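So you can see what is in the structure, the chains are spelled out below.
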Amino acid sequence: MKTLALAAAALLAMQNGAKPEDTEVWTPEVPVVTPGPHAPVPPPSDAIVLFDGRDLSQWATVKDGSPARWTVADGVVTVAKGTGNIQTRRSFGSYQLHLEWRIPAGITGEGQARGNSGLFLASLGKGDEGYELQILDSYRNRTYANGQVGSIYKQFSPLANPSRKPGEWQSYDILWTAPTFDASGTLTRPAAVTVLMNGVVVQDHTVLKGPTLYIGQPKYTPHGRAPIKLQDHGDPSAPISFRNIWLRELS
Ligand code: MG
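These numbers were taken from a predicted model, which means no experiment stands behind them.

Rules used in this analysis
- Residues numbered from 1 in each chain as written.
- Predicted model: local features only at pLDDT ≥ 70, side-chain atom pairs only at ≥ 80, totals over all residues.
- Heavy atoms only, no water.
- Helix = DSSP H or I, 4+ residues; strand = E, 2+ residues; numbered from the N terminus.
- Rg over C-alpha atoms; globule rule 2.2 N^0.38 Å.
- Buried < 20%, exposed > 50% of the residue type's maximum accessible area, 1.4 Å probe, protein only.
- Areas by Shrake-Rupley, 256 points an atom, 1.4 Å probe, with all protein chains shown as cover.
- Lys, Arg positive; Asp, Glu negative; His and termini not counted.
- Charge placed at Lys NZ, Arg CZ, Asp CG, Glu CD.
- Donors = N, O, S within 2.8 Å, 3.2 Å for Na, K, Ca; no water.
- Core = buried A, V, L, I, M, F, W, Y, C linked by side-chain atoms within 4.5 Å.
- Pairing = 2+ DSSP bridges.
- Salt bridge = Lys/Arg side-chain N within 4 Å of Asp/Glu carboxyl O.
- Polar contact = N/O pair within 3.5 Å; in protein donor to acceptor, adjacent residues only side chain to side chain.
- Contact = heavy atoms within 4.5 Å.
- Patch = residues over 30% accessible without salt bridge, like charges linked within 9 Å, V, L, I, M, F, W, Y side chains within 5 Å.

This paragraph deals with the overall build of the protein. A tally of regular secondary structure across the protein gives one helix and 15 strands. The globule rule puts the C-alpha radius of gyration for 251 residues at 18 Å, and the 17 Å found for the protein is close to it. C-alpha atoms of the protein, sized along the principal axes, occupy 45 × 40 × 35 Å. By residue count, 53% of the 251 residues in the protein fall in the buried class. A total accessible area of about 11400 Å² is found for the protein, and carbon and sulfur atoms account for 56% of it. When the 23 basic and 22 acidic side-chain charges of the protein are each reduced to a single mean position, those positions are 2 Å apart.

Okay, the coordination of the magnesium ion next. At the metal site, the magnesium ion is ligated by Asn116 (OD1), Ser117 (O), Glu132 (OE), Gln134 (OE1) and Gln231 (OE1), and these contacts range over 2.1 to 2.3 Å. For the magnesium ion, the donor residues sit on a single chain with the sequence spacing N-S-x14-E-x1-Q-x96-Q. In this pair, Asn116 is assigned in the loop between strand S6 (94-102) and strand S7 (117-123) and Glu132 in strand S8 (residues 130-135), connecting sequence segments 16 residues apart. The two residues Asn116 and Glu132 agree in class, both being buried.

Core analysis: the largest hydrophobic core is formed by 46 residues, its most contacted members being Trp101, Leu119, Leu121, Tyr172, Ile174, Trp176 and Phe242. Elements supplying a minimum of two residues to this core: strand S1 (48-51), S6, S7, S8, strand S9 (169-177), strand S12 (192-197) and strand S15 (241-250). Among the elements that take part in this core, S6 stands out by supplying four residues, more than any other.

Spatial strand order, S2-S5-S14-S7-S8: five strands in an open sheet with antiparallel pairing. For this open sheet the edge positions go to strand S2 (59-61) and S8, each flanked by a neighbour on one side alone. With two bridges connecting them, strand S5 (residues 86-88) and strand S14 (residues 229-230) associate as antiparallel partners. Bridging across to S14, Gln87 finds its partner in Lys229.

This brings us to the side chain of Asp232. Residue placement: Asp232 occurs in the loop between S14 and S15. At 5.3 Å, Lys81 is the nearest oppositely charged side chain to Asp232, a buried residue that forms no salt bridge. One polar contact links the side chain of Asp232 to the main-chain amide nitrogen of Gly82, over a distance of 2.9 Å. When residues no more than four places from it in sequence are discounted, the contact partners of Asp232 are Trp70, Val79, Ala80, Lys81, Gly82, Thr83, Gly84 and Asn85.

A cluster of nonpolar side chains, namely Leu159, Leu196 and Val201, defines an oily patch on the protein surface of about 220 Å² accessible area. As for its placement among the helices and strands, Leu159 is situated in the loop between S8 and S9.

The buried fraction of S7 amounts to seven of the seven residues, a majority that puts the element mostly inside the structure. Hairpin connection between S7 and S8: a loop of six residues separates the two successive antiparallel strands.

Along S6, seven of the nine residues are buried, which leaves the element largely enclosed by surrounding structure. The pairing of S6 with S9 spans eight bridges and is classified as antiparallel. Within the sheet, the bridge partner assigned to Leu99 lies in S9 and is Tyr172.

So far we have only geometry, and geometry alone does not tell us how the molecule works.
Dropping the structure here:
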């Protein structure tokens, strides 16, 4: 239903003359920062471990709720292209999240078609609905600033571009403050997020305009606790991998 509603909204936006390009921001360019060396960050004692390197028991295929079918090998999970987005079986409010990812060495493609995935901080539907923190190969790969890695997609460019080369592990450390709504569905507190990428701040208590939209202007719709979702984008470049995914709930 949600997907259909969003598709209908996108169609309406296009009929109104809105285009994807309308919400791309190309300047100013995001400054490149060379991060320090990567070190894996295993979960602290009170974390909810979402992926421990062994199995995807915490994850389901979003479109039908079946077990996630991405590939697990050598302590790493890799997108199995075409199997669809996956999301956590549990739902969350506000949290601290750690996640590591790797763009494959030798990746091809350019712009948004180069290592595109994404972390939906709260999943709001069976497609790409939710609040997307972009994952992309932005190492010497220019795209619109509010669509490169570290962006809140189509809303906020990152403060810096601390991308490592393809083939190297990278990390996100995220503080997510979920939005709140009153009984009538009116927004009482917008969502906010702080993100460190490879130890460098890329979002500093950024207050979101609403869930991510590819076309048009975002606006909030009421929701409660929600799963966290990873994107199987469908771009033709090689699939990306993840490891050390854990979360601490914040009340
Ligand atoms: Mg994406």
